[in-house]
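Residue-level structure breakdown
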Amino acid sequence: MSKEYNDYFDEDVADEEDKPEVEESPEQIEAKEIEKQTIGKQGGKLRKAIAVLVTVAVLVVAVWVAIIFWMPFVNEAQQRGAIVQVRQEGWIFKTFEGQMITDERLADTIHVYQRDFIFSVENDSVARKLMELQSTGRRVVLTYKEYRGTLPWRGNSKIIVTGYKVD
């Protein structure tokens, strides 16, 4: 079959085939290689720097959260007084919250009464015993830990009672 007509697409292909390839000089090839390598390395350095910054930020936040919520500010202390109220509160996390009038506040006749000793109790058995002792007037010595922050499942107070002793 002979071609009696000119095909537009065949001419383009023929033109491309007939064009001689332009050879690049070694300097041009080297310049292109250097450009490719430096652009790739700059992107790699930037990615590494961002990864390091994100890792450091995550570690700083993790350490801060651990210090605030899991490391006690006061490791162990005691408070003596009369239990006024212990009750279970909360919608999702049912925690035991309590109030106690301390002996030092009752004995202070000079200053105006300020506030009760407010605490939370994690242990159910300790909370139930304190509920039995509330409003009896008996003196109780509470052993507690104090944290810098509160967690919903630990209670509303930063003071967490760990034990008690009846006087």
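Now for a quick tour of the structure. The structure displayed is predicted, hence computed values, not measured ones. (Residues numbered from 1 in each chain as written. Predicted model: local features only at pLDDT ≥ 70, side-chain atom pairs only at ≥ 80, totals over all residues. Heavy atoms only, no water.)

A word on the overall build of the chain. Broken down by element type, the chain carries four helices and five strands. N-terminal to C-terminal, the α/β element order of the chain is α-α-β-β-α-β-α-β-β. Buried residues in the chain amount to 23% of all 167 residues. Summarising the internal contacts of the chain: among those between residues at least 6 apart in sequence, 58% fall at separations of at least 24. (Helix = DSSP H or I, 4+ residues; strand = E, 2+ residues; numbered from the N terminus. Buried < 20%, exposed > 50% of the residue type's maximum accessible area, 1.4 Å probe, protein only. Contact = heavy atoms within 4.5 Å.)

The five strands are arranged 1-2-3-5-4 in a closed barrel whose pairing can be described as mixed. Direction aside, neighbouring strands of the sheet carry axes that sit 55° apart on average. Taken together, the seven bridges between strand 4 (residues 139-146) and strand 5 (residues 159-166) define a ladder with antiparallel strand orientation. Pairing of Glu-146 across the sheet is with Ile-159, part of strand 5. (Pairing = 2+ DSSP bridges. Axes fitted to C-alpha atoms, helices over the stretch in contact; angles between N-to-C directions.)

So, about the side chain of Thr-102. On the secondary structure map, Thr-102 appears in strand 2 (residues 95-102). Setting aside residues no more than four positions away along its own chain, Thr-102 makes contact with Gln-79, Arg-80, Gly-81 and Phe-117.

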